[in-house]
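Fold and contact review
One letter stands for each residue in the lines below.
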Amino acid sequence: MRGLPEKFIDFNKCLSRRFDALLPEPFRVDGHKHFREEFAPPQIPDGALVYEVGGGKHPLHSEEEKTRRGLRVIGFDIDERELARAPRGAYDATIRADITEYRGRENADVVICQAMLEHVADTPAAFAGLASILKKGGVALLFAPSRNAVFARVNLLIPERLKRILIRLLYPELADQSGFPGRYHRCTLSEFEEMARGQGFAVVQKKTYYFSEYFSFFAPFHVLWRLWLWVFYLLSRERGAETFSMALRKL
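Residues numbered from 1 in each chain as written. Predicted model: local features only at pLDDT ≥ 70, side-chain atom pairs only at ≥ 80, totals over all residues. Heavy atoms only, no water.

1. Details of helix α5 (residues 123-133)
Of all 11 residues in α5, 10 are buried; the element is thus mostly enclosed. Listed in full, the buried residues belonging to α5 are T123, A125, A126, F127, A128, G129, L130, A131, S132 and I133. By the N-cap criterion, in which a side-chain oxygen at the helix start approaches the backbone nitrogen of a residue two or three places on, α5 is capped by D122, the distance to A125 being 3.2 Å. (Buried < 20%, exposed > 50% of the residue type's maximum accessible area, 1.4 Å probe, protein only. Helix = DSSP H or I, 4+ residues; strand = E, 2+ residues; numbered from the N terminus. Polar contact = N/O pair within 3.5 Å; in protein donor to acceptor, adjacent residues only side chain to side chain.)

Here it is as structure tokens:
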């Protein structure tokens, strides 16, 4: 039986979702889901050699999808335990390395990097690592939360131990996704564009998202935050994004 705290949190999440339903469509799109289901797949050609950098236990493709499309997928992660927890058959090979130090063979058709770059201490070095993996004409598909987001600022202030306790209490379904500290070093859309150009990339496509559920556990705060986000969006557009996706082509 669920206790009073859990019921209180569930009730507030329900109220928060009802409020979100009243907002314009751009403020209701889950960025990570959109990246995985709509943004990234059309950019990946059948038969491609794909590196999933930081994919760990959550690769983009299932074994069935990978086989159907003739993809060869390399799992790349700093933590070997994360790679070991990936669904069986999702990776054809794995590499355990730090992307900020790794230099590849420029042989990949596609590099996928979802919700990882906010964790690195040196983002320009990570971009150099991504560029070293891709062949000329290859595509890097990135998804990241923005340092400008309120939840990112809060994330930087809360000690890691307390953060994990709060996530287990408020969002138990996300508990297994919170193993690495968020650094958000140069983690904004404009800074990503600048670093991409510096590594010889052209921006093919980008999309910003204005939705997350981090504060939905307390509806009054969630509503205030969503109204603030709307104002931020009206004033700054892309700078107000909570998360963003990018497709980059190596020239």
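2. Focus: the environment of A247
Here A247 lies in strand β7 (residues 243-250). Relative accessible area serves as the criterion here: at 0%, A247 is assigned to the buried category. The spatial distance from the C-alpha of A247 to the C-alpha of A40 is 8.1 Å, given a sequence separation of 207 residues. Contacts of A247, omitting those with residues within four sequence positions, involve F39, Q43, A140, L141, A202, V203, V204 and Q205. (Contact = heavy atoms within 4.5 Å.)

3. Describing the environment of A121
You can see A121 is positioned in the loop between β4 (108-114) and α5. The spatial distance from the C-alpha of A121 to the C-alpha of T208 is 23 Å, given a sequence separation of 87 residues. Beyond its immediate stretch of four places on either side in the chain, A121 contacts R183 and H185.

4. So, the packing of aromatic side chains
Applying the stated criterion to the full structure yields 14 aromatic pairs. Seen from their ring centres, F35 and F39 are 6.0 Å apart, and the 20° between their planes marks the pair as stacked. Taken together, the positions of F35 and F39, both in helix α2 (residues 31-39) and 4 residues apart, correspond to about one turn of that helix. Here F35 matches F39 in class, with each residue buried. Ring centres of F127 and F192 lie 5.2 Å apart, and the angle between their planes is 80°; this geometry places the pair in the edge-to-face category. (Phe/Tyr/Trp six-rings, centres within 6.5 Å; stacked < 30°, edge-to-face > 60°.)

Take it as geometry only, folks, not as evidence of what the structure does.
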